[in-house]
Amino acid sequence: MKSAPSHRLRFGIGLALALALGIGLDVLLLAGARAADARVRAERQAIVTLNALTDVVVGAGISGDPVRTAVAAWSKSHPSLAAIRVIVFDGISLEASTDPKDSGDRAAPRRLSREEKDAYDRGQRLRASVETNRQEGAARKEEIEVGAADRGALDLAAPLEKDGEVAGMLEIRTATPPPPAPIPVTTALLYFFAPLAVYAAAAPLLGERRAPLAVAASLLLAVVLFLFARQTLRILDADRVETDRQVAARVGQETGLAGGLVAPGAAAVNPAKWDTDVFRHPRPGAAATPPGGAERRGRNVFFGVAIGAFALLAFFGLGLAARLGATLSRHRVAYLYIVPAMLAMIVLVFFPFLYGVAISFTQQTIYNTGQPLSHLWVGLQNYGHILGDFAVAKRAPDGSLAFNYLNFYWTLLFTIVWTVSNVTIGVTVGLLLALILNTAGLKLRPIYRVLLILPWAMPNYITALIWKGMFHRQFGVINQVIQIFGGQPISWFDKPFTSFLTALSTNGWLSFPFMMVISLGALQSIPGEIYEAARVEGASRWQQFRAITLPSLKPSLIPAIIISVVWTFNMFNIIFLVTGGEPGGSTEILITQAYKFAFERYRYGYAAAYSVIIFLILLAYGTVQNRVTRATEGL
Amino acid sequence: MSRRNKEELPHSLLHAILLVATLVTVYPILWVLTIALSGKQSLAIADLPATPAVSDRLRAVIPWPESISLANFRSLFTDQPFTRWLINSAIVAAATTLLGIFLAATAGYAFSRFRFPARRVGLMSFLVSQMFPGVLTLIPLYIIVVKWLGLGSTRTGLVLVYTTTAIPFCVWMLKGYFDTIPRDLEEAALMEGASPLTIFRRIVLPLAKPAIAVTALFSFMTGWNEFILAATFMDKENMYTAPVGLRFFVGGFSQQWGYFAAGAIIVSIPIVALFFFLQRYLVSGLTAGSVKG
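Residues numbered from 1 in each chain as written. Chains lettered and ligands numbered in written order. Predicted model: local features only at pLDDT ≥ 70, side-chain atom pairs only at ≥ 80, totals over all residues. Heavy atoms only, no water.

Participant: Before we move on, can you summarise the overall build of chain B with the specific residues and values?
Facilitator: Scanning chain B from terminus to terminus reveals 13 helices and zero strands. Along chain B, from the amino end to the carboxyl end, the secondary structure elements read α-α-α-α-α-α-α-α-α-α-α-α-α. Against the compact-globule benchmark of 19 Å for 293 residues, chain B has a radius of gyration of 25 Å, which places it well outside the compact range. Structurally, chain B occupies a C-alpha span of about 85 × 65 × 35 Å along its principal axes. Within chain B, the proportion of its 293 residues that are buried is 52%. Put simply, 75% of the contacts in chain B that link residues at least 6 apart link residues at least 24 apart. Entry remark: accessible area of chain B is about 13,300 Å², with carbon and sulfur atoms responsible for 68%. Charged side chains in chain B number 23 positive and 14 negative. The centres of these two groups are separated by 4 Å. (Helix = DSSP H or I, 4+ residues; strand = E, 2+ residues; numbered from the N terminus. Rg over C-alpha atoms; globule rule 2.2 N^0.38 Å. Buried < 20%, exposed > 50% of the residue type's maximum accessible area, 1.4 Å probe, protein only. Contact = heavy atoms within 4.5 Å. Areas by Shrake-Rupley, 256 points an atom, 1.4 Å probe, with all protein chains shown as cover. Lys, Arg positive; Asp, Glu negative; His and termini not counted. Charge placed at Lys NZ, Arg CZ, Asp CG, Glu CD.)

Participant: Explain helix 13 (residues 477-484) of chain A residue by residue, including any values.
Facilitator: When we look at burial in helix 13 of chain A, the residues that qualify are Val477(A), Asn479(A), Gln480(A), Gln483(A) and Ile484(A). Angularly, the buried residues of helix 13 of chain A cover 160° about the axis, an arc narrow enough to put them on a single face. Close packing links the buried residues of helix 13 of chain A with helix 12 (460-470) of chain A together with helix 1 (11-38) and helix 2 (54-59) of chain B. Positive backbone phi, at 85°, marks Gly486(A), one or two positions downstream of helix 13 of chain A. (Arc of directions from axis to C-beta.)

Participant: Before we move on, can you summarise the pattern of salt bridges with the specific residues and values?
Facilitator: Residue and element names in this part refer to chain A. Taken as a whole, this structure holds 28 salt bridges over all chains when the rule is applied. Between Arg 173 and Asp 99 there is a salt bridge, with the nearest N and O atoms lying 3.3 Å from each other. Taken as a pair, Arg 173 in strand 6 (residues 165-174) and Asp 99 in the loop between strand 2 (93-97) and strand 3 (110-111) lie far apart in primary sequence, 74 residues in all. Classification of Arg 173 by relative accessible area gives partly exposed; the value is 27%. Residue classification places Asp 99 among the buried positions, given a relative accessible area of 6%. One network of salt bridges, in which partners are shared, links Arg 85, Asp 102, Arg 106, Arg 110, Glu 116, Arg 122, Arg 125, Glu 145, Asp 155 and Glu 171. (Salt bridge = Lys/Arg side-chain N within 4 Å of Asp/Glu carboxyl O.)

Participant: Run through the interface of chain A and chain B, naming residues and quoting values.
Facilitator: Often, the extent of an interface is quoted as the loss of accessible area upon association of its parts. Taken together, the contacts link 95 residues of chain A with 94 residues of chain B. For the pair chain A and chain B, the summed buried surface comes to about 8,600 Å²; carbon and sulfur atoms form 80% of the total. Inspection of the chain A/chain B interface yields zero salt bridges. Our enumeration of links across chain A and chain B arrives at eight residue pairs in polar contact (both at pLDDT 80 or more). The element that contributes the greatest number of residues to the side of chain A that touches chain B is helix 8 (residues 332-359) of chain A, accounting for 21 residues. Considered class by class, the residues forming the side of chain A that touches chain B number 72 nonpolar, 17 polar and six charged. (Buried area = accessible area lost by both parts, 1.4 Å probe. Polar contact = N/O pair within 3.5 Å; in protein donor to acceptor, adjacent residues only side chain to side chain. Nonpolar A, V, L, I, M, F, W, Y, C, P; charged D, E, K, R; others polar.)

Participant: Describe the confidence of the model for chain A, naming the residues involved and giving the relevant values.
Facilitator: Across chain A, the average pLDDT comes to 85, with 95% of residues at or above 70. The lowest-confidence element of chain A is strand 7 (residues 393-395) of chain A, averaging 77 in pLDDT; the highest-confidence one is helix 10 (residues 408-437) of chain A, averaging 94. (pLDDT = per-residue confidence, 0-100.)

Participant: Can you explain the sheet that holds strand 3 of chain A? Please cite residues and give values.
Facilitator: All names here are of chain A. Pairing within the open sheet is antiparallel, and its six strands lie in the order 3-2-1-6-5-4. Edge positions in the sheet fall to strand 3 and strand 4 (145-148), since each of these pairs with one other strand and no more. In this sheet, strand 2 lies alongside strand 1 (residues 81-88) in antiparallel orientation, the contact comprising four bridges. Residue pairing for strand 2: Ile 87 is matched across the bridge by Leu 94. Contacts from helix 2 (residues 65-76) reach strand 1 and strand 2, with the element oriented near 165° to strand 1. (Pairing = 2+ DSSP bridges. Axes fitted to C-alpha atoms, helices over the stretch in contact; angles between N-to-C directions.)

Participant: Could you give an account of unusual backbone geometry, with specific residues and numbers?
Facilitator: All names here are of chain A. Between Glu 582 and Pro 583 the backbone carries a cis peptide bond, its omega angle lying at -10°. With respect to the secondary-structure elements, Pro 583 resides in the loop between helix 17 (572-579) and helix 18 (590-599). Look at Ile 92: it is not a glycine, yet its phi comes out positive at around 45°. The backbone phi angle of Leu 444 is positive, close to 60°, even though this residue is not glycine. Positionally, Leu 444 belongs in the loop between helix 10 and helix 11 (445-457).

Written out as structure tokens, the structure is:
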């Protein structure tokens, strides 16, 4: 080899990229975590103030001049509050306000104007929540609303109670918070360059030997990432301690202020109940919170990042990257031709498939698509619910069987019945017509043939809608025919069996031409001489069919049956458009059921698990089919 | 050479069977024609009196309108947004065809002519992708196309999704055809100093015209007939494709059967014509082992 690859250089590049990845990701995660912590801190402080002020306003009797005095005094000593508003439901009045908008002729007290309906509704919402929680003796609904105002400020509201009833609402808006802590760029750069410098200095001493270089680079990477992660975790820890300290300080400050504003003995000012969550449940004190959950998750994240960084180091250091690059450039023309199609397939077929499999392990619904999948992870729970529920039928009190049509095994059974009966009908009718059409000397054969193929040519969604129309209870043609023969009209879609018949006739109608064309092609390729010979031997017609026709049909008919099983199994349009699963989901096949779980019940995770099971069934079928095909080819 | 003997069934019986079968086959199509030409929205062929006699009922079954009128076709194009839906369908199907052919021809050519690492894996991955159930990829596709790319209710989104649905079949089909084209011509051109791109454009593509035509028509039919994806992605009424629009006429509580029937005929005619043109390719191509859900 002329230009031997430099291990030193490779590990150097690998180390640099791994450091960039590891430290870069860590810094981004740190910034995200600190921003989240700052939000929590601001919210907790605001809630303390809100609860304290609630006590003060309730102590002042909710309405009247004492409230306005208290609110004004409170506002003066709180530069962190942009506005305070007190709304009383009785008379729909704004009792007190320090909002700059409520000055001049809009100053409190006054009736709420029409545009302020939102505020009134908010109050009523809180009242309803408090009442629900009281009735249920639980904290199911939020009793404090926290919303986002402009530029990171918070907008909070709490109910005001008088004589055990929610009689009003207190709103506060915080001032714009200080800018978030800056990203520690200098530290990060130091952590990035220092190990590179060490490596650059040490590498010449190690020479061009792969093992020592690998150990040196890995060691440097491990030490640096560990140190950086530890520092990051420390910063986050300090943030949390600082939050608890500041909240405690806020409680102390408000205690002093509230004590001065509320007449002694007028009402309970209870600082112990100020640091609460949005359900107005006291938060456990800082000492009581074990550092478990958040910290462990933080450590896991850093661990994941480190693994990624090491993979990168190995990829470059061991020369895999170089080899990949060489392969790509040697076959660049071929890859260039393939990349567009492959890219499209990866983005819109393979990635969605893997993503779908991932979703199947979560409890994703339409309401939580914004959350990362890891937060919704439930493992195999969906599969357990689908496959572990054997309650297909229940005995009703009167002794009859009541089927649970949403049960997986019902749908599976129905799908199998549906597939088998359709394919049987298709093959029987198709083969019969092909045999007739193959009769030599029969007149008008081409015309019959073209007309009989028509159903295959029609778009199947149109076929489905036509048949749905023809099965209409009142105006449908089929019920008219039944009545001509003196029968009673049938409500086709009211019973599972009749509903099944509608889909079966529709699909039978559109699927027999395929079998007919296949059989006809095979029949025409059988030389007539064989039949002549058989007749000379004295074979009966049935014997000829058994001994000559069927074996010659086999090679083309078996693949056709195999493929039409898959088509029927997946015949979405017919079921979806003809029966729509009526009645009560009894005539759904697996894929329409999966579709309905996703797009009518919006249970994405459950529907994805359902689809994966369908995929596995098809995969198993495909494998068996391959074996069978090979076996029949051997015959 | 007549094979008739006394064991053969009489031709009259065969004709009777064929006649019944043809009647059953053609009836729904005649029914649709009747409703379309009736000029009314009802799905009954004839209005029945309160106490219908057998003759009235017979009238209501015979697929011939009480009075022939083109009103349904006229108002389909004037009062209803059907023109818009047809245009959407045509654009989507045409764009799918163009994009699909471009991607499939390049990839198929590379798979046919070059030997490179991961060639088999690539080819097999196209085949395996045919086994993914549509519903499984539908949920992530919905999230990717609508939520991430913001292409909900756009023709672009639909074209992308349809193209990837059609690619695997087209790649295999074209690769198979390229394999049958002898390499001598290309080698000669290579000696003359032509670049791979020139060879592909000037020599291979023109020779593969028949296969490309069939693949193109197949892609077009995929885009023109597709229903579920379009129904899921196209929320806005003016962005419906023809299939979704036709369903809209008679789905839910809407009962505009006249519009549906007229529209169904307009949409079906080109596709039925294409079908008869493509028939023999379809039989060989589809039985070659596609397992698409």
